[in-house]
Amino acid sequence: MKLLLVILIVHAISIPCFSFDVLGKDLPLTLDYYKSTCPTVFDVIKKEMECIVKEDPRNAAIIIRLHFHDCFVQGCDGSVLLDETETLQGEKKASPNINSLKGYKIVDRIKNIIESECPGVVSCADLLTISARDATILVGGPYWDVPVGRKDSKTASYELATTNLPTPEEGLISIISKFHYQGLSVEDMVALIGAHTIGKAQCRNFRSRIYGDFQVTSALNPVSEAYLESLREICPASIGEGDSNVTAMDNVTPNLFDNSIYHTLLRGEGLLNSDQEMYTSMFGIQTRRIVSKYAEDPVAFFEQFSKSMVKMGNILNSRSFVDGEVRKNCRFVNT
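It should be emphasised that the depicted structure is a prediction, and the values quoted were computed from it without experimental measurement.

**A look at the UniProt feature "site: Transition state stabilizer" (unreviewed entry) in the chain**
Using the residue numbers shown here, the UniProt feature "site: Transition state stabilizer" (unreviewed entry) corresponds to Arg65. With respect to the element layout, Arg65 can be found in helix α3 (residues 58-71). The contact partners of Arg65, leaving out residues within four places of it in the chain, are Ser100, Leu101, Lys200 and Met249.

**A look at the packing of α3 against helix α5 (residues 104-117)**
Across the interface, α3 lies against α5 with an axial gap of 10 Å and an inter-helix angle of 90 degrees. When the axes of α3 and α5 are compared, the pair comes out roughly perpendicular. Every residue of α5 that contacts α3 at Asn59, Ile63 and Leu66 is listed here: Tyr104, Ile106 and Val107.

**Concerning helix α8 (residues 172-181)**
Taken together, the buried positions of α8 are Leu172, Ile175, Lys178 and Phe179. Projection of α8 onto a plane perpendicular to its axis shows the buried side chains occupying an angular sector of 125 degrees, all on one side. Of the exposed residues in α8, those oriented more than 90 degrees away from the buried face are His180 and Tyr181. The inward-facing, buried residues of α8 abut α3, α7 (158-164), α9 (186-192), α14 (273-280) and α15 (285-296). Immediately downstream of α8, the backbone of Gly183 shows phi near 85 degrees, a positive value.

**Comments concerning the nonpolar core**
Counting 71 residues, the largest nonpolar core has Met49, Val190, Tyr262, Met278 and Met312 as the members making the most contacts within it. Ignoring any residue separated from it by four or fewer positions in sequence, one finds Met278 in contact with Leu172, Ile175, Met189, Val190, Ile193, Leu265, Gly284, Thr287, Arg288 and Val291. Grouped together as the second largest cluster of nonpolar side chains are twelve residues, Cys203, Leu228, Leu271 and Leu272 included.

Rules used in this analysis
- Residues numbered from 1 in each chain as written.
- Predicted model: local features only at pLDDT ≥ 70, side-chain atom pairs only at ≥ 80, totals over all residues.
- Heavy atoms only, no water.
- UniProt positions renumbered as here; feature names shortened; annotations may be inferred.
- Helix = DSSP H or I, 4+ residues; strand = E, 2+ residues; numbered from the N terminus.
- Contact = heavy atoms within 4.5 Å.
- Axes fitted to C-alpha atoms, helices over the stretch in contact; angles between N-to-C directions.
- Parallel < 35°, antiparallel > 145°, perpendicular 65-115°, else oblique.
- Buried < 20%, exposed > 50% of the residue type's maximum accessible area, 1.4 Å probe, protein only.
- Arc of directions from axis to C-beta.
- Core = buried A, V, L, I, M, F, W, Y, C linked by side-chain atoms within 4.5 Å.

Below you can see the structure in the form of C-alpha cells.
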C-alpha cells in the first residue's frame, strides 16, 4: 500500500503541483530578477542538474545540504563556497562542514556554463538556491518558485559555521534554538529535516547513536535488531575506524524524495540522533505530533517543505546588498 502511495505521489508531482511564494514585502528578491539580464538561467541550471543527478542520485542531497549550510551562516550569500586564502578564513574547514559538505565542483560546473551565457550576472548564491530546488524535483520532491536577486558576500564566517549549524548528535532544545535564531519555526525545522529522506551519513556522525540508545528507541524488535547489526558492520565501535564509511539515512527508499524518513523515526530507527530527537525526545511534544502528521500525510509534508525551503532561502545577508557582488568564480571574491 505504501509503495502504491509513493508511486502515485511521484506521478502527481511530475507536473509542478506545489508552488509557494512566501516573499516578504521588504525582501529585495523577485521571481523575474533575471528576466532581461539572463532569461535562460533557470533552464540552464535545470538542464545541468538533470545531468548531474542522473550521473549520481546522491548529488541531489549534496546540493540541498550545501544550500542549507550556506543559509545558516550569514544568510544565503554563497559564503560557504569561498576557498580559504591568505586574507580570508573560509567556512569549509569548520567542524560541521569539513567532513560533511561536497558539491563544490558541481557549483563550479554550473557557474562556468552560466558565465559563458550571461557573464557577471547570476550570483553564486542564487545559483545554489535554484539548484537545490531542481535537485529536489529530480528525485521526486515538490516544486516551488525560487525568488532571486541575492548577492554574493565578500566575507565568510568560520566562527558562525561552527556555532550556527546543527550537529548530528545535538539535542532537540538546542536544535530548535538554532532554527529559531534563523527565523525558522518548529514546523519549518521538522519539514526541512525531511530532506534526510535522501542522501547518506558518515559513520563518524552516527556511531554514538548506533552504540547508544538505538536499541531503546527501536524497542528491540527483530527487524530493527537486524538493521542495527548491519549498521554496526558498516560502522565499527572504535573511534577512527571506518569513520568515513557511509550509509543511507533512509534505508527504505534512499534515492526517492518521499516521507519515508518520518516512518523511520516512528519506528525509532533514525540514523542521526538529531533526527530521532524529533520523535523520541522528552521535550518533543510538538515535534512528535508534526513527525506523525508528515508520516501519515505526504502531501502535507511536500507543501510545508516547499514553504520552508523558500523561507530558508529568504534568510539574507543584508550587508551583501550594500557591498556584495556577483562572483565570477564562486570560490573567490572578485579582484
